[in-house]
Protein chains: 4
Amino acid sequence: MTPARPLREPRLSRRDSLLFEAGIKLGGIFHQYLGIPVSSRTAGSLARAIEAAVGLQPFVRRVAVRIHPERGGPLGRGRFAYRYLVPEMLEVTVELVDGTNTVVANLRHRPDLRYPLMKVVQVQGSGLGRRRSSRSTALPRRRRPTRAR
Amino acid sequence: MTPARPLREPRLSRRDSLLFEAGIKLGGIFHQYLGIPVSSRTAGSLARAIEAAVGLQPFVRRVAVRIHPERGGPLGRGRFAYRYLVPEMLEVTVELVDGTNTVVANLRHRPDLRYPLMKVVQVQGSGLGRRRSSRSTALPRRRRPTRAR
Amino acid sequence: MTPARPLREPRLSRRDSLLFEAGIKLGGIFHQYLGIPVSSRTAGSLARAIEAAVGLQPFVRRVAVRIHPERGGPLGRGRFAYRYLVPEMLEVTVELVDGTNTVVANLRHRPDLRYPLMKVVQVQGSGLGRRRSSRSTALPRRRRPTRAR
Amino acid sequence: MTPARPLREPRLSRRDSLLFEAGIKLGGIFHQYLGIPVSSRTAGSLARAIEAAVGLQPFVRRVAVRIHPERGGPLGRGRFAYRYLVPEMLEVTVELVDGTNTVVANLRHRPDLRYPLMKVVQVQGSGLGRRRSSRSTALPRRRRPTRAR
């Protein structure tokens, strides 16, 4: 898959880059946290910890995670009365911002599709301010996230 | 973060959706496989298994994974002479296709940034064929991936 | 590896089972959380979330997790100024109890071995109260964990 | 949880250490691989990759992994017609050896308990050859695993 000549860098707008970045965040969340033991008592603090972790990543302005342990099916008994995080439990919304551009995307289990669906639900901005490539510039200024809660 | 009124679905082109999907794939790979025991002997078959897994996902036409165990730093001795997969070892390229649109993106550790950088390296196509939202339609036709090797 | 005749269940003491269970907890922690974005600001709450999750598992009386982000090597700049959880950062102690038996084990990165070492550091109890097999009985009584902090 | 005085190292036999190590392997497998995309076509090669990875770890003589994608519930349609690895799909047996001591343990989903049960199914050996602590000695000799298939 490596071309003989170096690829010309694609002309990505900030809007383009944010769409790519939004996918990175949701794909990463899905594959990082499955399998963590969870109960109705710990679901809230686990969701907050995921929000704090995602909030460290570039371009993230807001992130909201909800975990629904009861969607994991019937509980075991006694010492087995807890669950492991499965896709059905996860509900995530991320908002990414770069300049005047905003992308909002979410992850939600769709029972009708039997699938954890990731979707872009909002795109705003002119897309101006072209960059040579996504994430290729390490900006010295600090990102200032305003976390979702 | 849930707006009072349902969001109007954004007008995403196929090109837009592929950018989002490319991020999903790379973000997922990064967060799924870190920590797997690996050595120079097993790196190739692990890379093939990751390619086969990613190849199942929507829109993926090609995926190439290389694992460089020697980038994991000095080895332990005797029974500790193997490593766990760390970001420095991973080199991934994915090519996604939807109709006449193509997006190629890669994941590569950048020692100068001390960071596993994900980048869109190629975008092709008119972006025509607008869809109401990414991944929202379960197409009955089968995806026919031609795997990278 | 499946024998032709069913195996006679081994005679495991409660002490034996706790040693097995202690390994399950530490092995699981190591392989679940690597790759999570972390900084000095979020390390504490992530450690608490891991403790809460592990505390749900059978036989766990106490669990203490410390995350040392600064052990992840030099930071990137700007938007890359955070780290992903790597083995070097993790320091975990678990205490498991079953009846009068106690096992304490920990996970600690050993720079001299270049290896995340898991060790049993304390074993107490007679080992009496033989069980036919580890974890094979779903006890109706509730485990009452007293969490580490 | 850190005692004021250093703990006296517990007197663990090789048998004790193997029980602990068997738990490490199974706990690690459970928490490492959940979420990987899998289908009936890729299940076999993924199982082989997991076996190769676990086979690198100390004391492992044999490891057999079976993945049953069909236990993941009904499939989605079209581009969603694949699954993510869930606990129900996993069936693992590990055999660990140290000197004349052997421990065999397995991981199997128990529908009756609604739980992925890990069990020691065989213990052999005198337990002689006491070691000061598990995994604390980096043996210079190479482990020679004979893989399960």
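Residues numbered from 1 in each chain as written. Chains lettered and ligands numbered in written order. Predicted model: local features only at pLDDT ≥ 70, side-chain atom pairs only at ≥ 80, totals over all residues. Heavy atoms only, no water.

**Brief notes about the pattern of salt bridges**
Working step 1: Under the defined criterion, the tally for this structure stands at 35 salt bridges over all chains.
Working step 2: C:R48 is paired through a salt bridge with C:E51; the nearest N and O atoms lie 2.9 Å apart. Separated by three residues within a single helix, C:R48 and C:E51 lie in helix α2 (residues 43-54), roughly one turn from each other.
Working step 3: Assessed through its relative accessible area of 2%, C:E51 is described here as buried.
Working step 4: One continuous salt-bridge network, built from bridges that share partners, spans A:R61, A:R62 and A:E95. (Salt bridge = Lys/Arg side-chain N within 4 Å of Asp/Glu carboxyl O. Helix = DSSP H or I, 4+ residues; strand = E, 2+ residues; numbered from the N terminus. Buried < 20%, exposed > 50% of the residue type's maximum accessible area, 1.4 Å probe, protein only.)

**Digging into the sheet that holds strand β2 (residues 60-67) of chain B**
All names here are of chain B.
Working step 1: Read from one edge of the open sheet, four strands run β2-β4-β5-β6, paired in antiparallel fashion. Strands at the two margins of the open sheet, each flanked by one partner only, are β2 and β6 (115-124). Across the sheet, the mean angle from the axis of one strand to that of its neighbour is 10 degrees, orientation sign disregarded.
Working step 2: In this structure, strand β4 (residues 90-98) lies alongside strand β5 (residues 101-110), joined through eight bridges in antiparallel fashion. (Pairing = 2+ DSSP bridges. Axes fitted to C-alpha atoms, helices over the stretch in contact; angles between N-to-C directions.)

**So, the relation of the copies chain C and chain B**
Working step 1: Overlay of chain C on chain B (RMSD 0.0 Å): rotation 180 degrees, translation along the axis 0.0 Å. Viewed as a symmetry operation, the transformation between the two copies matches a two-fold axis. In terms of proximity to the rotation axis, the leading residue of chain C is C:L34, whose C-alpha is 3.2 Å off the axis. (Least-squares fit on C-alpha atoms with pLDDT ≥ 70 in both.)

**Concerning empty space enclosed by the protein**
Working step 1: Overall, the coordinates contain 10 cavities of 30 Å³ or more when judged by the stated rule.
Working step 2: One number sums up the size of the largest cavity: a volume of about 80 Å³.
Working step 3: Breaking the lining of the largest cavity down by element, the ones donating at least two residues are α1 (14-33) of chain A, α1 (14-33) of chain B, α1 (14-33) of chain C together with α1 (14-33) of chain D.
Working step 4: Taken together, the residues that form the lining of the largest cavity break down as four nonpolar, eight polar and no charged. (1 Å grid on protein atoms, 1.4 Å probe; cavity = no way out; pocket = protein on both sides within 12 Å on 5 of 7 lines; lining within 4 Å. Points joined across faces, edges and corners; volume = space filled by probe spheres on them. Nonpolar A, V, L, I, M, F, W, Y, C, P; charged D, E, K, R; others polar.)

**Here's the deal with α1(B)**
All names here are of chain B.
Working step 1: The end-to-end C-alpha separation of α1 is 29 Å, in line with the 28 Å expected for 20 residues at 1.5 Å each.
Working step 2: Counted residue by residue, α1 has 19 buried out of 20 residues, so it is predominantly covered.
Working step 3: Taken from the residues just after α1, G35 is the one with a positive phi, measuring 105 degrees. (Expected span 1.5 Å × (residues − 1).)

**Considering the sheet that holds strand β5 (residues 101-110) of chain D**
Residue and element names in this part refer to chain D.
Working step 1: The strand order across the open sheet formed by four strands is β2-β4-β5-β6, and the pairing between neighbours is antiparallel. Looking at strand neighbours, the two that pair on one side only are β2 (60-67) and β6 (115-124), the edges of this open sheet. On average, each strand axis in the sheet is inclined to that of its neighbour by 10 degrees, with strand direction left out of account.
Working step 2: Summarising the sheet, β5 and β6 pair through nine bridges and their orientation is antiparallel. If you follow N106 over to β6, its bridge partner there is K119.
Working step 3: Its contacts with the sheet put α1 on β2, β4 (90-98), β5 and β6, and the angle it makes with β5 is roughly 30 degrees. (Contact = heavy atoms within 4.5 Å.)

**Considerations on the interface of chain C and chain B**
Working step 1: Contact residues are listed per partner, giving 16 residues for chain C and 16 residues for chain B.
Working step 2: For the chain C and chain B pair, buried surface summed over both sides reaches about 1500 Å², with 70% attributable to carbon and sulfur atoms.
Working step 3: It is C:F80, C:Y84 and C:Y115 in chain C that bury the most area against chain B; as a group they hold 37% of the surface buried on that side.
Working step 4: Along the contact surface separating chain C from chain B lie zero salt bridges.
Working step 5: The tally of links between chain C and chain B comes to four residue pairs in polar contact (both at pLDDT 80 or more).
Working step 6: Of all elements in the fold, only α1 and β6 (115-124) of chain C reach the threshold of two or more residues within the side of chain C that touches chain B.
Working step 7: With three residues, the top contributor of residues to the side of chain C that touches chain B is β6(C). (Buried area = accessible area lost by both parts, 1.4 Å probe. Polar contact = N/O pair within 3.5 Å; in protein donor to acceptor, adjacent residues only side chain to side chain.)

**Comments concerning the environment of C:S17**
Residues and elements named next belong to chain C.
Working step 1: For S17, the location among the structural elements is in helix α1.
Working step 2: Overall, S17 belongs to the buried group, its relative accessible area being 2%.
Working step 3: Linking S17 and P111, residues 94 residues apart in sequence, is a C-alpha distance of 30 Å.

**Topic: the confidence of the model for chain A**
Residues and elements named next belong to chain A.
Working step 1: Chain-level pLDDT for chain A is 83 on average; 78% of the residues reach the 70-or-more range.
Working step 2: Confidence drops under a pLDDT of 50 for residues 1-7, and excluding neighbours within four residues, the segment shows nine contacts in the predicted structure.
Working step 3: Counting interchain partners and residues more than four positions distant, the pLDDT-below-50 stretch residues 130-149 has 70 contacts.
Working step 4: As scored by the predictor, the complex reaches a pTM of 0.83 and an ipTM of 0.81. (pLDDT = per-residue confidence, 0-100.)

**Quick word on the nonpolar core**
Working step 1: Core analysis: the biggest nonpolar cluster contains 174 residues, and A:I67, B:I67, C:I67 and D:I67 have the highest contact counts within it.
Working step 2: When neighbours within four sequence positions are excluded, D:I67 is seen to be in contact with D:V38, D:A43, D:L46, D:A47, D:I50, D:L85, D:M89 and D:L90. (Core = buried A, V, L, I, M, F, W, Y, C linked by side-chain atoms within 4.5 Å.)

**What about the side chain of C:H109?**
All names here are of chain C.
Working step 1: Residue placement: H109 occurs in strand β5 (residues 101-110).
Working step 2: For H109, a relative accessible area of 17% translates into the label buried.
Working step 3: Setting aside residues no more than four positions away along its own chain, H109 makes contact with P87, E88, L90, R114, Y115 and P116.

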